[in-house]
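If you want the building blocks of each chain, they are given just below.
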Amino acid sequence: MGKVYEISEKTKLTYGRGYVYSLQYHLIWCTKYRKKVLTDGIDIQCKEMLTELADQYSFQILAMEVMPDHIHLLLDCRPQFMISDMVKIMKGNLARRLFLDHPELKKQLWGGHLWNPSYCAVTVSDRSHEQVKHYIDSQKER
């Protein structure tokens, strides 16, 4: 990642080689059939793996919550990555590792797929950043 310059309390511009950016997304994806399988430590493992992927692919997780049947992320991504590719990377890596570490998950999910194939990606602006962050951070309280 390039140098990061804060232009307000909420916004940080990142300077790369020949570009400046601040691209933030609120991402949500669900387990197949909305099965509540992300529990009993699997939720913590998901957070750890997502943090590792963020380091590996040079994106920042600004907020994250793993619910029993879905995941919320607030990301700051480099412009070189298409958001659809980032979601595929995250969902694919999580599923592969979780199925290896927790083979019982496949028995709970018909067809052996962990994730619903769809996802939601919403861009986040300066105005909505704090609202989205608060929404994600308060998910466990709901």
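Notes on the structure in this doc start here.

So, how was this worked out
- Residues numbered from 1 in each chain as written.
- Predicted model: local features only at pLDDT ≥ 70, side-chain atom pairs only at ≥ 80, totals over all residues.
- Heavy atoms only, no water.
- Axes fitted to C-alpha atoms, helices over the stretch in contact; angles between N-to-C directions.
- Helix = DSSP H or I, 4+ residues; strand = E, 2+ residues; numbered from the N terminus.
- Parallel < 35°, antiparallel > 145°, perpendicular 65-115°, else oblique.
- Left-handed = near helix turned anticlockwise from the far one by under 90°.
- Contact = heavy atoms within 4.5 Å.
- Nonpolar A, V, L, I, M, F, W, Y, C, P; charged D, E, K, R; others polar.
- Phe/Tyr/Trp six-rings, centres within 6.5 Å; stacked < 30°, edge-to-face > 60°.
- Buried < 20%, exposed > 50% of the residue type's maximum accessible area, 1.4 Å probe, protein only.
- Lys NZ or Arg CZ within 6 Å of the ring centre and 35° of its normal.
- Pairing = 2+ DSSP bridges.

### What to know about unusual backbone geometry
- Located in the positive-phi region is D40, a residue other than glycine, with phi close to 55°.
- Phi angles above zero are rare outside glycine, and S58 is one such case at about 55°.

### As for the packing of helix α1 (residues 42–57) against helix α2 (residues 83–101)
- At a minimum axis separation of 10 Å, α1 and α2 run at an interaxial angle of 135°. One element, α1, and the other, α2, form an angle in the oblique class. The two elements α1 and α2 meet at a crossing, and its hand is right-handed. Between α1 and α2, the contacting residues are I42, Q45, C46, M49, L50, E52, L53 and Y57 on the first element and M86, I89, M90, N93, L94, R97, L98 and D101 on the second.
- Per-class residue counts for the contact of α1 with α2 are 11 nonpolar, two polar and three charged.

### Here's the deal with the packing of aromatic side chains
- Here the structure, examined in full by the defined rule, presents three aromatic pairs.
- With 5.9 Å between their ring centres and 90° between their planes, W29 and W115 make a pair best called edge-to-face. With W29 in strand β4 (residues 23–30) and W115 in the loop between α3 (104–108) and β7 (120–123), this pair connects stretches of sequence that are 86 residues apart.
- For W29, a relative accessible area of 0% gives the class buried.
- Looking at K32, its charged tip hangs above the ring of Y33, at a distance of 5.6 Å from the centre.

### Observations regarding the sheet that holds strand β5 (residues 60–66)
- Judged by pairing direction, the sheet is antiparallel, and its four strands sit side by side in the order β5-β6-β4-β7 without closing on themselves. Looking along the sheet, the strands with just one partner apiece sit at the ends: β5 and β7. Direction aside, the axes of adjacent strands within the sheet are offset by 15° on average.
- Direction of pairing for β5 relative to strand β6 (residues 70–77): antiparallel, over a ladder of six bridges. Note on β6: the bridge partner recorded for M64 is L73.
- Running at roughly 165° to β5, α1 makes contact with β4, β5 and β6 of the sheet.
- Relative to β4, α2 is tilted by about 45°, and along the sheet it contacts β4, β6 and β7.

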